[in-house]
Amino acid sequence: MNSSRPRAVVVDGVRTPFVRSFGAFLDLDAIELGKLAVAALLDQTGLDRTLVDAVVWGGVVLPAGAPNVGREIALDLKLPPSAEAYTVTRACASGLQAVTNAVAAVERGEADVIIAGGADSTSNAAITLPPTFVRKVGPVAMSGKSSVQDYFRLLFELDPVRDLIPSKPAIAERSTGELMGESCERMAERNAISREAQDAFAAASHHKAAAAIASGRFDREVAAVTVGRGTRIYRDELVRPDTSVEKLAKLRPAFRRGGTLTAGNSSALTDGAAAVLIMREDVARALGFTPKAAFRSWAYVGVDPADQLLMGPAIAMPKALERAGMQLGDASLVDIHEAFAAQVLSVLKMLGSKAFAEQRLGRSAAVGEVDPGRLNVHGGSVSLGHPFGATGARMVTTMANELALGKAETAVLGICAAGGLGAAAVMEAV
Amino acid sequence: MSDFLVELGANPTASNLIKRLGLPLPMPQRLDRGKGPWPERPLEGRTVVVGAAVDQVQCFDVLAPALAEAGAAPFVQGPTGGAWSAAAEAWGRPVTPLEPGACPEGRIDALVFDATGAATVDDLRALFHFVQPRIGQLAKHGRVVLIGRDPAETTSLATGAARRSLLGFVKSLAKEIGGKGATANVITVAKGREAALAPTLRWLLSPRSAFVTGQELALRSKVKAPTTVPTTRPLEGKVVLVTGAARGIGEATAQALSREGAHVLCLDRPADAEPLAAVARAVGGTPVLADVTAPDAAATILAAAEAQGGLDVIVHNAGVTRDKTLAKMDDARWDLTLDINLRAVLELTEALAPHLREGGRVIALSSVAGIAGNFGQVNYTTSKAGVIGFVETAAPKLAKQGITVNGIAPGFIETRLTAAIPVATREAGRRLSALAQGGQPIDIAEAVTFLATPGSWGLSGTVLRVCGGAFLGA
């Protein structure tokens, strides 16, 4: 990197506990969840909030009335009005996108202090009435000249089935109509990922997450929050320390008869938020902060969603590593978002395949095998949960802490996302 | 232009009734021609069975990744290690090994046999034993493709005979499976041209080759392989000239070419300015008003091409018929037919070829009549046979420039010209073919489009019959 260019660093990161959707965070939409995470970040770092130049936020299920979640968070938390804000949406990679946008802005000299992160509340997904309803009711309701008769006529015009039954929200690809789990079922089949391998991966994810919680490792990045009438939520609620391959083996396939994906080896619908403080390195040091990590590179890619929807990281990770001048083997840690155990295992298989490298990446050697001891060391989305927009910021936070704890030199992140998108980033210790 | 029997056959009640009554009516299968631009994975969800006699496997290294990339998870009789397992891993398309003679469940969409090692009469039995037990399970619109070697490349009598016999195999098989709209063809691959197999096979296995059956596609061009062969929008950035584009086959060709990304220079004579403008507008191309026989035609074309940044492909489609028996033929009929159908092809190629950009293509329309002859068409068939001579002579000459030259010989195609033929002759023309029906202009357009793409680089100096397996001149 050009030495005259300022470097952006991760100063700290904090997230709310992750809870199952329609649970403890039912009353909190993405804005409220985001406020909890950002407030906790400000609290934990003691940052002078007048120094914040911008908020960059990621989200997938955006509140229809206020889609610029970042700005709402900044205003509600009384950050200075000059702290500008925007919101990015790139499916499950939204959180990472927010962070890398912040890093790029700082490194280009556009800002010194940015809060980046993401939040999602599937519990608050808007249920929309059919467009035919809007088109029929709209003109009458919006017109000042509508008479009582107009409204009565409208009542007869509305078809109770076609116009009034709301569409059911689902994580389905718009272009293919396929549920993400169905796409992943096909990936499991095509890459020969067995049910046993998926269950073993899922059990390990839960055990690693449980160990991180029990050891207090997550205390530095998960902030307890108060909801409703003073109910305190301290920790992630989806992690099952006592699960086992045997227990997971009893679950029924969730997406296809005879399939291999179950609720146990897939990530659950989750509510939560995560926030990361990005600063120019010299500004951070001048303010007395000890930076935790920096970014060497990142890459975003797209593949055909009708083919292998969630294979993106297998293309993005080698690309980001190449930009960082590294091999996969050089990375001390590997953190891959676990949408489904089958998807991570498919990606790992691709990374380890010489044929894949030759025919898909135009390389002569495989990207590399990932040592299980370096992969998702404190669990992942299967065990912790996956609030879409927050996951990227959660992964950045966890890896930044690993790097700051001196446990690793570099970490490579990989995220798959709806629409056939893939994201990757390489982080380094500072 | 509709075909009554194809319509009737598509009506389940009618076709059932005709079968029950035992009426001696052929029930041609309505062909599946595909929709929209070339898809990325045309073989996704298709049952493809691949085989080779053991120790004859020469093209599996090309076949395996080609089929996997096209979306097939194939059933393979023969060794499934090496290239197959690598392709399965790279594309996530697991391969299912198949015992000799065994069939996968359900219908088979394509049978592909690698006969490149066929060297003896005994080797042909392996082909027979691969196809025979499975042919009954071939689906409607199914495909049989044999892959062989060039008979000219051997001095062994047995090998030469074995190689040539593949064409006989598909000629008859095409007639036996034509009733279900299925086709059978051979690809012969010259040594060193193996890489050209993938795009050719992909096209033959796709619905775009619906009216090509009982044919040989010989990959033996001398041009250099292109650096990249796009599988979708293969004509992106290409400028293609189509003569006679105002209607019929020319119009369909302009549409198909533009669908795959080409900018089409639509040329026709000034008298057809109106329909030509409509075609050019519809395909987003450039109308070029010129008479192909005029001395300034080439200059007009080059000026139009210049405005688009250059020229990549020439499609010589303009043609006329002026029928009379030779005894009654006058000079005007002779000259007009020869000038448009042959002289213009020669002169325009000579003038335009030096200006073609890298990877140029010249495609000329001949005719099955030019191969078989026709009553009252001495002038026409002379010109169309001349086109074949042009293709065969021009190909080696232009190879140095990286240009391929190929011909297309349409059989009976439903156009304005054929609609004017008397009923009895017309019916004979339609039914005397493996597919028992006439082709549509789009069938020729699809063949032209394939020959215009970078992936057709293995073919040069050949004349592809797009005739539904017509019995004439076969």
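Residue numbers here run from 1 along each chain, matching the order of that chain's written sequence. Here every chain gets a letter starting at A, and every ligand a number starting at 1, in the order they are written. At least 70 in pLDDT is required for a residue's local features to be given in this predicted model, at least 80 for side-chain atom pairs to be given and counted, and no such filter applies to totals for whole chains, interfaces and linings, which use all residues.

### Regarding the overall build of chain A
In this description a helix means any DSSP run of H or I spanning at least four residues, a strand means any run of E spanning at least two, and both kinds are numbered starting from the N terminus. Assigned secondary structure in chain A consists of 14 helices and twelve strands. Each radius of gyration reported is based on C-alpha atoms, and the globular scaling rule is 2.2 Å times the count of residues to the power 0.38. Against the 2.2 N^0.38 benchmark of 22 Å for 430 residues, chain A shows a C-alpha radius of gyration of 22 Å, consistent with a compact globule. Relative to its 430 residues, chain A shows a buried fraction of 52%. A pair of residues counts as a contact when their C-beta atoms, built from backbone coordinates, are within 7 Å of each other. Look at the contacts in chain A between residues 6 or more apart in sequence, and 80% of them connect residues 24 or more apart. Counting other C-beta atoms within 10 Å of each residue's C-beta, where C-beta atoms are placed from the backbone, gives the exposure class: buried for 20 or more, exposed for 12 or fewer, partly exposed between.

### Section: the domain arrangement of chain B
Residue and element names in this part refer to chain B. What counts as a domain boundary in this text is fixed by an automatic or database domain assignment. Domain parsing of chain B yields domain 1 (43-219) and domain 2 (239-466). Its C-alpha centre places domain 1 at a distance of 31 Å from the equivalent point of domain 2. Opposite the 20 residues of domain 1 that make contact, domain 2 presents 17 residues. Counting only elements with at least two residues in the side of domain 1 that touches domain 2, the list comes to helix H6 (157-177), helix H7 (197-205) and strand S7 (216-219).

### Considering the sheet that holds strand S11 (residues 311-316) of chain B
All names here are of chain B. Read across the open sheet, the seven strands follow the order S10-S9-S8-S11-S12-S13-S14; overall the sheet is parallel. Of all the strands in the sheet, the pair left with one neighbour each is strand S10 (286-289) and strand S14 (463-466). Here the average twist between neighbouring strands, direction ignored, is 20°. We treat two strands as partners when DSSP finds at least two bridges between them. Across four bridges, strand S13 (residues 404-410) lies against S14 in parallel orientation. The partner of alanine 409 across the bridge, within S14, is arginine 465. Lines are fitted to the C-alpha atoms to define the axes, a helix being fitted only along its stretch in contact, and any angle between axes, read from their N-to-C directions, falls within 0 to 180 degrees.

### Points about the interface of chain A and chain B
Taken together, the contact between chain A and chain B spans twelve residues of the former and ten residues of the latter. Those elements that provide at least two residues to the side of chain A that touches chain B are helix H6 (180-190) and helix H12 (354-360) of chain A. Residue contributions to the side of chain A that touches chain B peak at four residues, all from H12(A). In this count, Pro and Cys sit with the nonpolar residues alongside Ala, Val, Leu, Ile, Met, Phe, Trp and Tyr, while Asp, Glu, Lys and Arg are called charged and the others, Gly among them, polar. Grouping the amino acids of the side of chain A that touches chain B by side-chain chemistry returns four nonpolar, four polar and four charged.

### Observations concerning the sheet that holds strand S6 (residues 183-189) of chain B
Residue and element names in this part refer to chain B. The seven strands lie next to each other as S3-S2-S1-S4-S5-S6-S7, forming an open sheet whose pairing is parallel. Both outer strands of the open sheet, strand S3 (96-97) and S7, are each paired with one neighbouring strand and no more. Of the strand pairs in this sheet, strand S5 (residues 138-149) and S6 are connected by seven bridges, and their pairing is parallel. Paired with arginine 143 across the bridge in S6 is threonine 183. Lying on the sheet, H6 is in contact with S5, S6 and S7; it crosses S5 at an angle near 170°.

### Structural notes on the pairing of strand S12 (residues 356-365) of chain B
Residues and elements named next belong to chain B. Most of S12 sits out of view: seven of its ten residues are buried. Read as a crossover between parallel neighbours, the route from S11 over helix H11 (residues 331-352) to S12 is right-handed. The pairing of S12 with S13 spans five bridges and is parallel. Paired with isoleucine 363 across the strands is asparagine 406, a residue of S13. The path from the first strand over the helix to the second decides the hand: if it runs clockwise while the strands point away from the viewer, the crossover is right-handed.

### Some thoughts on the nonpolar core
Here, a nonpolar core denotes buried Ala, Val, Leu, Ile, Met, Phe, Trp, Tyr and Cys residues that are linked to one another through C-beta atoms within 7 Å. In this structure, Ala37(A), Ile278(A), Ala320(A), Met427(A), Val240(B), Leu265(B) and Cys266(B) are the most contacted members of the largest nonpolar core, which totals 283 residues. Counting residues domain by domain, this core receives three or more from each of domain 1 (43-219) and domain 2 (239-466) of chain B. Once residues lying within four places of it in the same chain are set aside, the contact partners of Ala320(A) are Ser297(A), Trp298(A), Ala299(A), Val412(A), Ala424(A), Ala425(A) and Val426(A).

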